[in-house]
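Next come the chains, spelled out residue by residue.
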Amino acid sequence: MLEAQLKPRSHIIEDASTLTDVVLDAMSKAPDLRLRQVMASFVRHMHDFAREVRLTEAEFELGLDFLNRIGQATNDCHNEAVLFSDIIGFSTLVCLLNNGQNGATETAAALLGPFWRMHSPQTENGGSILRSPTPGPALFAHCRVTDPEGRPLAGVEVDVWQASPVGLYENQDPDQVDMNLRGKFRTDDEGRFWFRSVKPAGYPVPTHGPAGDLLKAQKRHPFRPAHLHFLAYRPGYKTLITQVFVDDDGHLDSDVVFGVTRALVGDFAEGRGTPPAPDAGAPWYRLDYAFVMEPGEAKLPVPPIR
Ligand SMILES: [Fe+2]
């Protein structure tokens, strides 16, 4: 009896029904408990997935090729893995599970997306994030950062990045200079930061890779409603990664990456009277938005692009 207990389990495979247990046994001695837990669950779900759909060999090959193409389509300027995760709602799921008291309540957080870059230019409050001529309606954003009790948070570093009024980020567009429509601000003693920009436009996510092929096969449009991205960082608070959406965008209720929650729809009010800057012209817009940071760990994500 003792000998049988000590003898390692045979990993010779009998049939499809017993395979999963054998694989789980082979992975059961990983010293890292979290690795053990995550991989055991992953394998169980993957095996059950193949059983449920009766995955064919041709479909298996297609799936492997799809994964390989995700890697091949990724480079310094484009992250296809993030994009694929985004269009199947997985990025938003992970975001919702890890914010708003671990998924229990509505959150001000949203997915990072594939376009955040580190080292955005430090910009004074009231400054512009236009670094090369960028036609479009002027936007004056007035934002505030508080803790959950509504107390202002000073000294928060806030990254802002957005697409231009033609729907392209600077790294996708030869007509924009490096770091156009990107800036890093610091909240003042009242938790405020403010800047000038242009009203962003919605845009299609890149469709040249396997994620785009999937969208086409599913008869889905590739558009995101117009938005501004924010990343707020202050030690002692969970880094807030979020997006604020333009309220009159036609794709607001069909974001291809499932990023829109009700709390993130901004009020982009068309300005009346004299604009805050004499060269703003008409129409111009004003956005007022308040961000709430939860206590927690301040940690920056890995930039999806350089
Ligand atoms: Fe975006």
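A short tour of the structure in this document, coming up. (Residues numbered from 1 in each chain as written. Predicted model: local features only at pLDDT ≥ 70, side-chain atom pairs only at ≥ 80, totals over all residues. Heavy atoms only, no water.)

Quick word on the coordination of the iron ion
So, point 1. Tyr-169 (OH), Tyr-203 (OH), His-227 (NE2) and His-229 (NE2) make up the full set of protein donors to the iron ion, lying at 1.9 to 2.1 Å.
So, point 2. Coordination at the iron ion comes from 4 donor atoms whose angles at the metal span 89 to 161 degrees, giving a geometry best classed as irregular.
So, point 3. For the iron ion, the donor residues sit on a single chain with the sequence spacing Y-x33-Y-x23-H-x1-H. One end of the pair, Tyr-169, is in the loop between strand S2 (157-162) and strand S3 (182-186); the other, His-229, is in strand S7 (residues 227-233), and 60 residues separate them in sequence. (Donors = N, O, S within 2.8 Å, 3.2 Å for Na, K, Ca; no water. Tetrahedral: all angles 85-135°; square planar, octahedral: opposite > 155°, others 65-115°. Helix = DSSP H or I, 4+ residues; strand = E, 2+ residues; numbered from the N terminus.)

Section: the packing of aromatic side chains
So, point 1. Inspection of the entire model under this criterion finds 12 aromatic pairs.
So, point 2. Plain terms: the ring middles of Phe-193 and Phe-291 are 6.2 Å apart, the flat faces sit at 20 degrees to each other, and that makes the pair stacked. Residue Phe-193 is found in strand S4 (residues 192-198), and its partner Phe-291 is found in strand S11 (residues 284-292); the two are separated by 98 residues along the sequence.
So, point 3. For Phe-291, a relative accessible area of 3% corresponds to the buried category. (Phe/Tyr/Trp six-rings, centres within 6.5 Å; stacked < 30°, edge-to-face > 60°. Buried < 20%, exposed > 50% of the residue type's maximum accessible area, 1.4 Å probe, protein only.)

Quick look at the pattern of salt bridges
So, point 1. Enumeration over the complete set of coordinates arrives at 16 salt bridges.
So, point 2. With its nearest N and O atoms 2.8 Å apart, the salt bridge here joins Arg-151 to Asp-147.
So, point 3. Where Asp-159 meets Lys-184, a salt bridge forms, and the shortest distance between an N and an O atom there is 2.9 Å. With a gap of 25 residues between them, Asp-159 in strand S2 and Lys-184 in strand S3 connect regions that are remote in the sequence.
So, point 4. Under the relative-accessibility criterion, Asp-159 is labelled buried at 2%.
So, point 5. One connected set of salt bridges, linked through shared partners, spans Arg-117, Glu-170, Asp-178 and Arg-182. (Salt bridge = Lys/Arg side-chain N within 4 Å of Asp/Glu carboxyl O.)

So, helix H8 (residues 210-217)
So, point 1. When we look at burial in H8, the residues that qualify are Pro-210, Ala-211, Gly-212 and Leu-215.
So, point 2. Looking one or two residues past H8, Lys-219 carries a phi angle of roughly 55 degrees, positive in sign.

As for the pairing of S4
So, point 1. Within S4, 5 of the 7 residues are buried, which leaves it mostly tucked inside the rest of the structure.
So, point 2. In this sheet, S4 lies alongside strand S1 (residues 138-146) in antiparallel orientation, the contact comprising 7 bridges. Bridge pairing in S4 places Phe-140 opposite Arg-196. (Pairing = 2+ DSSP bridges.)

A word on the environment of Ala-73
So, point 1. Considering the arrangement of structural elements, one finds Ala-73 in the loop between helix H4 (57-72) and helix H5 (80-87).
So, point 2. A relative accessible area of 15% places Ala-73 in the buried class.
So, point 3. Taking C-alpha positions, Ala-73 is 18 Å from Val-257, a pair spaced 184 residues apart along the chain.

Quick notes on the nonpolar core
So, point 1. Membership of the largest hydrophobic core comes to 34 residues, with the highest contact counts inside it found for Val-160, Phe-193, Phe-195, Phe-230, Leu-287, Phe-291 and Met-293.
So, point 2. Those elements giving two or more residues to this core turn out to be S1, S2, S4, S7, strand S8 (240-246) and S11.
So, point 3. In this view, Phe-291 contacts Cys-143, Arg-144, Val-145, Thr-146, Phe-193, Phe-230, Leu-240, Thr-242 and Val-244; residues no more than four positions away in its chain are not counted.
So, point 4. Counting 10 residues, the second largest nonpolar core, distinct from the first, contains Phe-115, Trp-116, Trp-161 and Ile-305. (Core = buried A, V, L, I, M, F, W, Y, C linked by side-chain atoms within 4.5 Å. Contact = heavy atoms within 4.5 Å.)

A look at the sheet that holds strand S10 (residues 268-270)
So, point 1. Taken in spatial order, the 4 strands of this open sheet run S4-S1-S11-S10, and their pairing is mixed. Looking at which strands have only one partner, the edges of the open sheet turn out to be S4 and S10. When the angles between neighbouring strand axes are averaged without regard to direction, this sheet yields 20 degrees.
So, point 2. By the bridge criterion, 3 bridges tie S10 to S11 in an arrangement that is antiparallel. Within S11, the residue paired with Ala-269 across the bridge is Arg-286. (Axes fitted to C-alpha atoms, helices over the stretch in contact; angles between N-to-C directions.)

The values reported here are purely geometric and, on their own, carry no functional implication.
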